[in-house]
Amino acid sequence: MIFVLETKSKKLKNNSFILKEFLDNAFNLKSHLMEFLSISECDLDGFLANAKTNLANSHPGDNLSDVADFYTEIVGDRHLADLAAWHITSKDYIADTLKLQQRFSRDLVLDFGGGIGTHALANAMSSRVEHVFFVDINETNRKFVEYRAKELGVEKKLTFCKTIKDTKISKFDTIVCLDVLEHLANPDSQIEIFNEIMDCNSIALFNWYFYKGDNNEYPFHIDDSQIVERFFKTLQSKFLEVFHPILITTRVYKKFK
Ligand SMILES: C[S@@+](CC[C@H](N)C(=O)[O-])C[C@H]1O[C@@H](n2cnc3c(N)ncnc32)[C@H](O)[C@@H]1O
């Protein structure tokens, strides 16, 4: 059976093939990491095995005055390793989030806080998606995903930016913001911004985990009750949930008309 549909310079694949490629090798994630970081397979395995602890240990705790500094100044390539280890060990969960975005993604997509690029790359492979704007505050992440996009032959469908403003797009058809809101000082302001760059047919995929973990494994997550309450008030006043049948915590929203 032929799954790959070639058009001019784009490599478009059908949804089952994209999911299979993710489940098989996370879109060649390990070989991309070895090449990008110039490390051997053996060193990579050690890097991935210690990733979660290394990232948690690099957090300066209450001494951090600006939350964003952690992602721009401190994490370096430690976040790549943490995210890669998570996407490899929790591949069934990540595959479910890919299935969800396949149900909704179309046309102009914003992937905010795109990390190692799994969702942005999968969207770029989809024939329903015209272009993906990958926004991430971390320069190493942007460079890594740009490298991956070239390796996977989808670079023409992706643009890499540090901020939403840099995309110069006023309205997106799809917004993907997965496992990012708990990393922001003001998640309520962020979803207000998303609301402004959606129109009445746009769809947003959000999830959140406002919890530092049973043993402070996620010291960089926001868990302040007032911030969380403000977030839910904004969410409930500006967005309407759209039902989907996939049993995961990610929720789908449209704007309140
Ligand atoms: C836990 S990762 C999630 C990555 C990806 N969305 C996923 O589901 O695997 C959080 C990401 O948000 C990015 N990030 C944190 N603060 C940000 C900000 N203010 N603007 C854009 N990206 C940000 C980090 O650099 C990191 O890549």
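The rules behind each value
- Residues numbered from 1 in each chain as written.
- Predicted model: local features only at pLDDT ≥ 70, side-chain atom pairs only at ≥ 80, totals over all residues.
- Helix = DSSP H or I, 4+ residues; strand = E, 2+ residues; numbered from the N terminus.
- Rg over C-alpha atoms; globule rule 2.2 N^0.38 Å.
- Buried ≥ 20, exposed ≤ 12 C-beta atoms within 10 Å, placed from the backbone.
- Contact = placed C-beta atoms within 7 Å.
- Near = placed C-beta within 6 Å.
- Right-handed = clockwise from strand over helix to strand, strands pointing away.
- Pairing = 2+ DSSP bridges.
- Axes fitted to C-alpha atoms, helices over the stretch in contact; angles between N-to-C directions.
- Parallel < 35°, antiparallel > 145°, perpendicular 65-115°, else oblique.
- Left-handed = near helix turned anticlockwise from the far one by under 90°.
- Nonpolar A, V, L, I, M, F, W, Y, C, P; charged D, E, K, R; others polar.
- pLDDT = per-residue confidence, 0-100.
- Core = buried A, V, L, I, M, F, W, Y, C linked by C-beta atoms within 7 Å.

Draft legend 1. Fine view of the overall build of the chain. Helices and strands together make up the secondary structure of the chain, namely 11 helices and nine strands. Against the 2.2 N^0.38 benchmark of 18 Å for 257 residues, the chain shows a C-alpha radius of gyration of 18 Å, consistent with a compact globule. Considered along the principal axes of its C-alpha atoms, the chain spans approximately 55 × 50 × 35 Å. A total of 257 residues make up the chain; the buried ones form 35% of that total. Sequence-distant contacts in the chain: of pairs separated by 6 or more residues, those separated by 24 or more amount to 69%.

Draft legend 2. The arrangement of the site of the ligand in detail. Around the ligand lies a shell of 18 residues, among which Gly-113, Gly-115, Ile-137, Asn-138 and Leu-178 are the nearest. Looking at the shell around the ligand, the elements that each hand over two or more residues are α5 (67-74) and α6 (78-89).

Draft legend 3. Examining the pairing of strand β4 (residues 129-135) more closely. Counting buried positions along β4 gives five out of seven residues, so the element sits mostly inside the fold. The parallel pair strand β3 (residues 107-112) and β4, bridged by helix α8 (residues 118-124), forms a crossover whose chirality is right-handed. Here β4 runs beside strand β5 (residues 158-161); their pairing, made up of four bridges, is parallel. Directly across from Val-132, in β5, lies its bridge partner Leu-158. Handedness of the β4-helix α9 (residues 139-152)-β5 crossover: right-handed.

Draft legend 4. Representation of the packing of helix α10 (residues 187-196) against helix α11 (residues 225-238) within the structure. Closest axis-to-axis distance for the α10/α11 pair is 8 Å, and the angle between their directions is 20 degrees. Considering the angle they form, α10 stands roughly parallel to α11. Helix-helix and strand crossings are classified by hand; for α10 and α11 the assignment is right-handed. Where α10 approaches α11, its residues Pro-187, Asp-188, Ile-191, Glu-192 and Asn-195 are matched on the opposing element by Ile-227, Arg-230, Phe-231, Thr-234, Leu-235 and Lys-238. In the contact of α10 with α11, the residues fall into five nonpolar, two polar and four charged.

Draft legend 5. Structural view of the pairing of strand β9 (residues 251-255). The pairing of strand β7 (residues 198-206) with β9 spans three bridges and is antiparallel. Bridging across to β9, Phe-206 finds its partner in Arg-251. Note that strand β8 (residues 239-242) and β9 share four bridges and pair antiparallel. Its bridge partner being in β9, Leu-240 is matched across the sheet by Lys-254.

Draft legend 6. Fine view of the confidence of the model for the chain. Residues at a pLDDT of 70 or more form 95% of the chain, whose mean pLDDT is 93. Below a pLDDT of 50 lies the segment residues 1-10, which in the model reaches 13 contacts outside its immediate sequence neighbourhood of four places, other chains included.

Draft legend 7. Structural context of the sheet that holds strand β6 (residues 172-177). Taken together, seven strands build an open sheet; the order of strands is β5-β4-β3-β6-β7-β9-β8 and the sheet is mixed. The open sheet terminates on both sides in strands that have one partner only, identified here as β5 and β8. Adjacent strand axes in the sheet meet at a mean angle of 25 degrees when their direction is disregarded. The sheet contact formed by β6 and β7 spans five bridges and is parallel. From the neighbouring strand, Cys-177 faces β7, where its bridge partner is Phe-206. Where helix α7 (residues 91-104) meets the sheet, its contacts fall on β6, β7 and β9, and the angle it forms with β7 comes to roughly 170 degrees.

Draft legend 8. Expanded view of the nonpolar core. In this structure, Ala-124, Ile-175, Cys-177 and Ala-204 are the most contacted members of the largest nonpolar core, which totals 62 residues. Sequence-distant contacts of Ile-175, defined by excluding residues within four places in its chain, comprise Leu-110, Phe-112, Phe-194, Met-198, Ser-202 and Ala-204.

Draft legend 9. A look at unusual backbone geometry. For Ser-38, which is not glycine, the phi dihedral falls at a positive 50 degrees. Residues other than glycine seldom take positive phi values, yet Lys-168 does so here, at roughly 60 degrees. Checked against the element boundaries, Lys-168 lands in the loop between β5 and β6.

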